[in-house]
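A look at the structure
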Amino acid sequence: MLIQEEVGLLGVTSNWDGRISRRSFVRGAAAAMLVSAGGGLTALGAREAQGKPVERVEGYGPLVPMGALALPRGFSYKVISQQGDPMDDGNLTPGVFDGMGAFPGPDGTTVLIRNHENRRRVGESTVIVPPELRYDDDLTYNAGNTKLVVDENLNVVQDFAILGGTDTNCAGGQMPWGSWITCEEVVNRSAVTSTPHGYIFEIDAYADGPVEARPITAAGRFTHEAVAWLDGILYETEDLRDDSFFYRYIPSTAPDSSGDLADSSGLLEALKIKDVTNAVMDTFPTVGESYDVEWVTIDDPDPDERLLEPTVGQQARAKGAAIFDREEGIWVGGDKVYFDCTEGGELRTRPRPGLRVRPRHSDLHAHLRVHQRCDARKPGQHRDRAQDRRHLPAGG
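The structure reproduced in this document is the subject of the present report.

1. Observations regarding the overall build of the protein
Within the protein one finds four helices and 23 strands. When each of the 396 residues of the protein is scored for burial, the buried share is 54%. Taking the contacts inside the protein whose residues are at least 6 apart along the sequence as the reference set, 66% of them involve residues at least 24 apart. Just so you have it, the protein exposes about 16,800 Å², and 51% of that area is on carbon and sulfur atoms.

Have a look at this one:
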């Protein structure tokens, strides 16, 4: 789904039209991105950001087994880091790799901040940081992040655990001031320490050692997936089946360095279709129709379930927010924000609405329009669980 912000307008568009399945994408553009940072997805985002039509993608040819991966002929890969490798901090590299951000480093190096989506399961390798920097003293909370610095030849020149004591660090997002936000894709509370989980945490990509894990509580306690920053607003996706909402967090004071968001207060809101209560985005939008949207306020972004306080999602639902299905990744392309969903559409194949919004705050409206929806019953439109693309530019 794509959300583009323009003076009180929110348009939902889709340019997918069944041209590429998830499997084709993995075999095509994703393979290119293994070798080049400016791969197919970047080009796709750039074209849509400029309002240009998406070109048909034919793929890169048949896959050729190349060891751990099968890639099209002419492509290659290099293993940079793997579980069990010794790190500079004396610990072994944890496993369960997930979302990761890449930042420019000195002397042609690249800084990688990598999530480890440990779920407190037997056999997982704990992300080890100094005890005083952990978020939760309950040692069963074994997720977190590592930092790697790689040179121009993709050799690791530095690596260490940078954040720990969290749970199910799934995806996240890069901030323009040089930090990575990592997201807990779970809501629970330690039975040992009573520490709540379900937050996002900011990591300074240029820190020389482990950082203190400080939750951004004002941005909400829910099943986070990923975030993206655009024009002073943090957009957030939620990964729940048939019960996800699309949020935005507007800090009262604009952050400009890592750590500012953890100290911030602000407004958390959820997207709503105007005059429609709890529009089910799997099936609600009609192709070619436009719908006004608005943002509803989440009164308590950090609820305490022990006091029977309603969850963030329950608050969004109570105010009529639109319901999505397992929101996933989110990124910025030009003046737009894109996000996708694991499932959608009447046959759970995924609609591709794009949201276009410019109001920076909730008092302005927008309209949403669906241009295309994939129908798995039609030849050539099965997406193999492809994800919705949602996109939204500057300010709303």
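After that view, the rundown keeps rolling.
2. Re unusual backbone geometry
One can expect most non-glycine residues to show negative phi and most peptide bonds to be in trans. Positive phi values are uncommon outside glycine, yet Ser 194 reaches one of about 65°. With respect to the helices and strands, the residue Ser 194 is situated in the loop between strand S11 (188-189) and strand S12 (196-197). Among the residues examined, Ser 194 registers a relative accessible area of 36% and is labelled partly exposed. Phi angles above zero are rare outside glycine, and Asp 231 is one such case at about 55°.

3. A closer look at the environment of Asp 242
Structurally, Asp 242 can be placed in the loop between strand S15 (233-238) and strand S16 (247-251). For Asp 242 and Val 280, which are 38 residues apart along the polypeptide, the C-alpha to C-alpha distance reads 8.4 Å.

4. Digging into the side chain of Asn 145
If you trace the backbone, Asn 145 turns up in strand S7 (residues 143-150). Residue Asn 145 is classed as buried on the basis of its relative accessible area of 0%. Here Asn 115 takes part through its side chain, which lies 2.5 Å from a polar atom of the side chain of Asn 145. If we ignore the near neighbours within four places in the chain, the residues touching Asn 145 are Ile 113, Arg 114, Asn 115, His 116, Val 127, Ala 161, Ile 162, Leu 163, Asn 169, Trp 180, Thr 182 and Ile 203.

5. Details of the environment of Ala 262
Structurally, Ala 262 can be placed in the loop between S16 and strand S17 (266-273). The spatial distance from the C-alpha of Ala 262 to the C-alpha of Ile 216 is 4.3 Å, given a sequence separation of 46 residues. Excluding residues within four positions of it along the chain, Ala 262 makes contact with Arg 214, Pro 215 and Ile 216.

6. What to know about the packing of aromatic side chains
This model, assessed by the stated rule, comprises nine aromatic pairs. Centroid distance Phe 103 to Tyr 206: 6.4 Å. Interplanar angle 75°. Geometry classified as edge-to-face. Of the two residues, Phe 103 is situated in strand S5 (residues 97-104) and Tyr 206 in the loop between strand S13 (200-204) and strand S14 (224-230); the sequence distance between them amounts to 103 residues. Look at Tyr 206 and you get partly exposed, because its relative accessible area is 37%. Among the aromatic side chains, those forming a connected cluster through ring pairs are Tyr 235, Phe 246, Trp 295, Phe 324 and Phe 339. Looking at Arg 114, its charged tip hangs above the ring of Phe 97, at a distance of 4.0 Å from the centre. For the cation-ring pair, Arg 120 lies above Tyr 141, with the distance from its terminal atom to the ring centre recorded as 3.9 Å.

7. Considerations on the environment of Met 175
By secondary structure assignment, the location of Met 175 is in strand S9 (residues 169-175). Separated by 54 residues in the primary sequence, Met 175 and Trp 229 have C-alpha atoms spaced 6.3 Å apart. Not counting chain neighbours up to four residues away, the residues in contact with Met 175 comprise Ile 181, Val 227, Trp 229 and Leu 234.

8. Side note on the nonpolar core
Membership of the largest hydrophobic core comes to 25 residues, with the highest contact counts inside it found for Ile 181, Ile 200, Leu 234 and Tyr 247. Breaking this core down by element, the ones donating at least two residues are strand S10 (179-184), S14, S16, S17 and helix H4 (312-318). Counting 21 residues, the second largest nonpolar core, distinct from the first, contains Ala 226, Leu 230, Ile 233 and Ala 279.

9. Description of the pattern of salt bridges
Once their charged atoms are close, side chains differing in charge can pair, the charge on each being opposite to the other. Scanning the model with the defined rule gives 13 salt bridges in all. A salt bridge links Arg 119 to Glu 185; its shortest N-O distance comes to 3.5 Å. With Arg 119 in the loop between strand S6 (110-116) and S7 and Glu 185 in the loop between S10 and S11, the pair connects residues that are 66 residues apart, well separated along the chain. Judged by its relative accessible area of 34%, Arg 119 falls in the partly exposed class.

10. A short note on the sheet that holds S13
An order of S9-S10-S13 is seen for the three strands of this open sheet, with the pairing classed as antiparallel. One side of each edge strand has no neighbouring strand; the edge strands of this open sheet are S9 and S13. Strand after strand, the sheet turns through a mean of 25° between neighbouring axes, direction not considered. The pairing of S9 with S10 spans five bridges and is antiparallel. If you follow Gly 172 over to S10, its bridge partner there is Thr 182.

So, how was this worked out
- Residues numbered from 1 in each chain as written.
- Predicted model: local features only at pLDDT ≥ 70, side-chain atom pairs only at ≥ 80, totals over all residues.
- Heavy atoms only, no water.
- Helix = DSSP H or I, 4+ residues; strand = E, 2+ residues; numbered from the N terminus.
- Buried < 20%, exposed > 50% of the residue type's maximum accessible area, 1.4 Å probe, protein only.
- Contact = heavy atoms within 4.5 Å.
- Areas by Shrake-Rupley, 256 points an atom, 1.4 Å probe, with all protein chains shown as cover.
- Polar contact = N/O pair within 3.5 Å; in protein donor to acceptor, adjacent residues only side chain to side chain.
- Phe/Tyr/Trp six-rings, centres within 6.5 Å; stacked < 30°, edge-to-face > 60°.
- Lys NZ or Arg CZ within 6 Å of the ring centre and 35° of its normal.
- Core = buried A, V, L, I, M, F, W, Y, C linked by side-chain atoms within 4.5 Å.
- Salt bridge = Lys/Arg side-chain N within 4 Å of Asp/Glu carboxyl O.
- Pairing = 2+ DSSP bridges.
- Axes fitted to C-alpha atoms, helices over the stretch in contact; angles between N-to-C directions.

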